[in-house]
Every structure is written in C-alpha cells, then in structure tokens.
Amino acid sequence: MARIAVARRVFKTLAAIAALGFAYVAYVYLTLPDVRSLADTNPTTTAFMELRVREAERAGRKFQIRHRWVPYNQISANLRRAVIVTEDAAFFDHDGIDLNELKASLEKNWEEGQVLRGGSTITQQLAKNLYLSESRNPMRKVTELLIARRLEAALTKRRIFEIYLNMIEWGDGIFGCEAAARAYFGGPCASLNVNQAALLAGAIINPRVHSPAKPTRRLLRRQQIIIRRMGIKEEAPPPETPLPMPVDQTPPEPPPPPVPQPFPKPPGFN
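This one's a predicted model, so the numbers in the text were calculated from it and none came from an experiment. Each chain carries its own residue numbering, running from 1 in the direction its sequence is written. Totals for whole chains, interfaces and linings use every residue, but because this is a predicted model, local features are given only for residues with pLDDT of at least 70 and side-chain atom pairs only at 80 or more, for both listing and counting. Water and hydrogen atoms were dropped before computing side-chain values, which therefore reflect all heavy atoms in the structure.

## Looking at the overall build of the protein chain
- Looking only at helices and strands, the protein chain features 10 helices and two strands.
- Element order for the protein chain, N to C, with α for helix and β for strand: α-α-β-α-α-α-α-α-β-α-α-α.
- Scored against the burial criterion, the 270 residues of the protein chain give a buried share of 36%.
- By sequence separation, contacts in the protein chain at least 24 residues apart represent 70% of the contacts at least 6 residues apart.
- Accessibility throughout is a Shrake-Rupley quantity obtained with a 1.4 Å probe, and a residue counts as covered only by protein chains that appear here. Accessible area of the protein chain: about 18000 Å², with a carbon and sulfur share of 57%. The helix and strand labels rest on DSSP assignments: H or I over at least four residues marks a helix, E over at least two residues marks a strand, and numbering proceeds from the N terminus. Think of it in three bands: with a 1.4 Å probe and only protein chains considered, a residue is buried below 20% of the maximum accessible area for its type, exposed above 50%, and partly exposed in between. Residues are treated as being in contact if the distance between any of their heavy atoms lies within 4.5 Å.

## Some points on the environment of Val70
- By the secondary structure assignment, Val70 is in the loop between β1 (66-67) and α3 (77-87).
- Sequence separation between Val70 and Cys177 is 107 residues, and the spatial gap between their C-alpha atoms is 8.3 Å.
- Ignoring sequence-local partners within four residues, the contact set of Val70 consists of Ile75, Glu162, Asn166, Cys177 and Glu178.

## Description of helix α8 (residues 177-185)
- Within the span of α8, buried status applies to Cys177, Glu178, Ala179, Ala180, Ala181 and Tyr184.
- Packing partners of the buried residues in α8 comprise β1, α3, α7 (157-167), β2 (174-175) and α9 (194-203).
- Gly186 occupies a position one or two residues after α8 and carries a positive phi of about 70°.

## Structural notes on the environment of Asp93
- With respect to the helices, strands and loops of the structure, Asp93 is situated in the loop between α3 and α4 (99-112).
- Considering only alpha carbons, one finds Asp93 and Lys157, 64 residues apart in sequence, at a separation of 9.6 Å.

## Points about the nonpolar core
- Throughout this description, the term nonpolar core refers to a set of buried Ala, Val, Leu, Ile, Met, Phe, Trp, Tyr and Cys residues connected via side-chain atoms within 4.5 Å. Core analysis: the biggest nonpolar cluster contains 48 residues, and Leu79, Val83, Leu151, Phe161, Tyr164 and Trp170 have the highest contact counts within it.
- The leading source of residues in this core is α7, at six residues.

## Concerning the packing of aromatic side chains
- Under the pairing criterion, centres of Phe, Tyr and Trp rings, with the six-membered ring standing for Trp, must be within 6.5 Å; the plane angle then separates stacked pairs below 30 degrees from edge-to-face pairs above 60, leaving the rest tilted. Evaluation of the coordinates by the stated rule reveals four aromatic pairs.
- Between Phe161 and Tyr164 the ring centres are 6.4 Å apart and the planes differ by 25°, which places this aromatic pair in the stacked class. Taken together, the residues span about one helical turn, with Phe161 and Tyr164 both in helix α7 at a distance of three residues. Judged on exposure class, the residue Phe161 and its partner Tyr164 are both buried.

## Some details on the pattern of salt bridges
- When a carboxyl oxygen of Asp or Glu is within 4 Å of a side-chain nitrogen of Lys or Arg, the pair counts as a salt bridge. Using the criterion set out here, one finds 13 salt bridges in the structure.
- Between Arg52 and Glu55 there is a salt bridge, with its nearest N and O atoms 3.1 Å apart. Note that Arg52 and Glu55 are positioned in helix α2 (residues 47-59) at a spacing of three residues, about one turn of the helix.
- For Arg52, a relative accessible area of 3% gives the class buried.
- Of the charged contacts, one joins Arg52 and Glu169 as a salt bridge, the two residues approaching to 2.8 Å between their closest N and O atoms. In this pair, Arg52 sits in helix α2 while Glu169 sits in the loop between α7 and β2, placing the two residues 117 residues apart along the sequence.
- Because the salt bridges share partners, they merge into one network encompassing Arg52, Glu55, Arg61, Glu134, Glu169, Asp172 and Arg208.

## Here we look at α2
- One fewer than the residue count of a helix, multiplied by 1.5 Å, yields its expected span. Look at α2: 18 Å from first C-alpha to last across 13 residues, which is about the 18 Å you get at 1.5 Å a residue.
- Turning to α2, its buried residues are Ala47, Phe48, Met49, Leu51, Arg52 and Ala56.
- For α2, the secondary structure elements touched by its buried residues are β1, α5 (122-131), α7 and β2.
- Taken from the residues just after α2, Gly60 is the one with a positive phi, measuring 70°.

## With respect to the confidence of the model for the protein chain
- pLDDT measures how confident the predictor is about each residue, on a scale from 0 to 100. When the pLDDT values of the protein chain are averaged, the result is 82; 70% of them are 70 or greater.
- A low-confidence stretch, residues 109-117 (pLDDT under 50), is modelled with nine contacts involving residues beyond four sequence positions or located in other chains.
- With pLDDT under 50 throughout, residues 259-267 is counted as low confidence; its partners more than four residues away or in other chains account for zero contacts.

Structure below.
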C-alpha cells in the first residue's frame, strides 16, 4: 500500500509539472510578437541593440549604434555564401529548426554537463536578436523556437536572410553587414571579396571578441576553414605571354652596284 501511495504522489507531481509546462508554453505562444509586418517593413532596432544601449548607460560610457540598411541584392554574394556555410548550411532546406543539429547540440551539452553548443539556425538567431536576450535559460530557448516557426511561416527564406544580415551584431556598436563592411574594410558590403567575407562570417560567433579589424589567431583559422567550405579555389595566374622578338629597325643596305667588266667581249667572239 505504501508503494501505491508513493506512486500516486509521484504521478500527481509529474502531472502538475506537465500542466504548468503546458500553461507556460501556451502563455508564451499567446504573447509572441507579431512578425507579419516584417514581410514588407524593415526593422529599425532589435532587442540586442537596446541591450547594448542599457549596458553602456549602466557603465557610464558613450555608445553609438552604427547601422545602415541595404537591400538583399546589394549584399555581397561572397558574404551570403560565407555566412550560410558557417552558420546554417541547411538554411534553405529546414523550416526554421534543424532537428539534426539540435539533437547533436543537446547530446553534446548533456555529455559535457554545460551549454557548449547552440545548434541555432539562422532563423533562430534572428528571433533571438530581434526579440530576446543572450540568456541561455531553457524557457528562453522554447520562446526562440516558437518565434522561429512564426518567422518561417510569415516570411520567405530570402527575407529572413536579408533581415538577419542587416540586423545582427558585428562588433561594439556595429550592427548589420553594411556598417561592418565600412567599419572594417572602408567600403560597401556589395564589394566584399572572399577573404573579407570569410573574416566577417567567422566573427559572428562572438563579434565583441573576434574583431575583423584585429583578427585573433582563432578568427584567422576560422577564415581559412570558411573559405574551404565555400569551395572557392585560388585562381591560377594567367600564363605569361612570350614577348615578341625585337624588330631590327636598321634599314637594309642597298645591294652593291654591278662592277663593269674591264675587257668586254668583242662582238662575234667565241
């Protein structure tokens, strides 16, 4: 009888926890942001921008956000490819959540006993940057997943990627690819070459530590790995064209005049 009583108490406890969990998820879902306006309206701020402003105010330091929006077709194809192979190779195939990567992340974190691997897709990262925080609280992760699904339902992949590249943090006060390209390389995002794009993509992991302006050894290693993943080989130099043979500009000498015979043969001489 005692065992039955214990089992009942355990069952009631688990049922209560499940009910609370369901209620929390339902509450989160009902209070999620409406992302549909992002289909045709460019965001002007993010949760991360506002967080950095508050941090600077608390520290009593000046802080200025550098940000400039550029349309998708003005974002370097090199950067788009570099970010895809670095952050989310399956971006155009999943629906906002990469289950294989998420499983690998959970297994790795369980083995190590701490959160070491994020497993976030580009859509999840965008959800976090726009609406959430840096917290790794499991409940925050649930919210991130729900927002990611809403983004995928409301927006095209191209639009999600466009907003992501324009709004993510790329350094202290630097947000978006255009501001990053101008800050680090002195030119527009559209003109980024392969090396520059790979350096920017490699810095996304922690842009406040790994600056493309002064790349660490780790960032330089990541840059080379990203270039290899991009499948871009260094172009071979064009073959050397042999130089033409020099032309002798000296005019040819005229042939010598014929020398007359001193003793011409008389007519009829045999």
